[in-house]
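The lines below spell out each chain.
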Amino acid sequence: MDHYFTNNENLKSEIKTIDYEYNGYSFSFLSDNGVFSKNHIDYGSRLLVETFLKNTKTKGKVLDVGCGYGFMGIVISKVLDTHVTMIDVNKRAVHLAKRNIDKMDVNAEAFISDSYENIKDKYDVIITNPPVRAGKNVLLDILENAKDYLAQDGELWYVLRKDQGAKSMEKVLEKDYKIENICKSKGFYIYFCKKH
Ligand SMILES: C[S@@+](CC[C@H](N)C(=O)[O-])C[C@H]1O[C@@H](n2cnc3c(N)ncnc32)[C@H](O)[C@@H]1O
């Protein structure tokens, strides 16, 4: 069975565009078959980005883990005028993210990485709408190991749905982070974490 995180080279391409506005900035994303939320901006991703932009004080380097076609990283790069690194395991998603970076002329880069395997730097912010359907081990790998890629005082931001085990994940992550459930909307929980 195909998932949005598998690489299916034979999947027919049907490029479409998805528009989005934030605070006077206009965006137009290229999307395609075989990537997450291919027809619209995902509600959880939008809530996460908008909550992050309203609450963060950071101006530093950002890492978007599981970037898909690049929605979160590109909006953050444009609005905060900062460098964003975007990674995904899905080749088509990374190809789209690269095209969207060029199209919207933002200070960002996108490349393939299975979780943090190709990440060497440390970041002021790690942000993720994590791939819940990839399974609990991948989810834990991305959220728990974020701490090793955060700079001093770095921030981890993520979204999980209540019915996807948001509360139990909160308990697991409490050992590594001071964790705050900063926003709840329509069953989506937004979390802001700092390393102990
Ligand atoms: C819920 S989607 C979010 C996509 C995008 N950030 C958005 O907001 O539209 C999760 C993303 O994680 C990617 N992913 C799945 N497993 C991964 C892994 N092991 N390492 C990195 N990315 C992964 C998927 O391909 C997918 O693009």
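These figures come from a predicted structure and were not determined experimentally. (Residues numbered from 1 in each chain as written. Predicted model: local features only at pLDDT ≥ 70, side-chain atom pairs only at ≥ 80, totals over all residues.)

Chemist: I would appreciate a short explanation of helix α4 (residues 136–144) in the present structure.
Modeler: Owing to its 3.6 residues per turn, the α-helix brings residues three or four apart onto one side. Of the residues making up α4, those classed as buried are L139, I142 and L143. Down the axis of α4, the sector holding all buried residues measures 90°, keeping them to one side. (Buried ≥ 20, exposed ≤ 12 C-beta atoms within 10 Å, placed from the backbone. Helix = DSSP H or I, 4+ residues; strand = E, 2+ residues; numbered from the N terminus. Arc of directions from axis to C-beta.)

Chemist: Even after reading the chapter, I still don't get the environment of Y69, so can you show me in this structure?
Modeler: In this structure, Y69 sits in the loop between β3 (62–65) and α2 (71–80). When the C-alpha atoms of Y69 and L30 are compared, they prove to be 7.2 Å apart, with 39 residues separating the residues in sequence. Those residues within four positions of Y69 in sequence are excluded, and the remaining contacts are F29, L30, S31, V35, A93, L96, A97 and N100. (Contact = placed C-beta atoms within 7 Å.)

Chemist: Looking at this structure, I do not really get the pairing of strand β2 (residues 25–31). What am I missing?
Modeler: In regular strands, side chains alternate between the two faces of the sheet. Inspection of the sheet shows strand β1 (residues 16–22) paired to β2 by seven bridges, in the antiparallel sense. Residue pairing across strands places Y20 opposite F27, the latter belonging to β2. The hairpin turn running from β1 into β2, its antiparallel successor, is two residues long, and N23 in that turn takes a positive phi close to 50°. (Pairing = 2+ DSSP bridges.)

Chemist: Is there a simple way to explain unusual backbone geometry in this structure?
Modeler: Glycine aside, negative phi is the norm for most residues, and most peptide bonds take the trans geometry. At S115, a residue that is not glycine, the phi angle is positive and equals roughly 50°. Position of S115 relative to the elements: it lies in the loop between β5 (108–112) and β6 (123–128).

Chemist: In this structure, what is going on with the pairing of strand β7 (residues 150–161)? I would like to understand it.
Modeler: As defined by bridge partners, β6 adjoins β7 across five bridges and the pair is classed as parallel. If you follow Y123 over to β7, its bridge partner there is L150. For the crossover from β6 across α4 to β7, the handedness is right-handed. Sheet topology note: the β7/strand β9 (residues 188–195) ladder contains seven bridges and is antiparallel. (Right-handed = clockwise from strand over helix to strand, strands pointing away.)

Chemist: Could you clarify how one ought to interpret the nonpolar core in this entry?
Modeler: One broad trend across soluble globular proteins is that nonpolar side chains are buried collectively. Ranked by size, the top nonpolar core spans 50 residues in total, and within it L48, M72, A97, I126, I127, L156 and W157 carry the most contacts. Among the elements that take part in this core, β7 stands out by supplying six residues, more than any other. Not counting residues up to four positions away in its chain, the partners in contact with L156 are I126, A146, L150, Y177 and C193. (Core = buried A, V, L, I, M, F, W, Y, C linked by C-beta atoms within 7 Å.)

Chemist: Would you explain helix α3 (residues 91–104) in this entry?
Modeler: Taking 1.5 Å per residue as the helical rise, α3 with its 14 residues ought to reach 20 Å, and the 20 Å between its terminal C-alpha atoms agrees with that figure. Of all the residues in α3, the buried ones are R92, A93, V94, L96, A97, N100 and I101. Phi turns positive one or two residues past the end of α3, at D105, with a value near 50°. (Expected span 1.5 Å × (residues − 1).)

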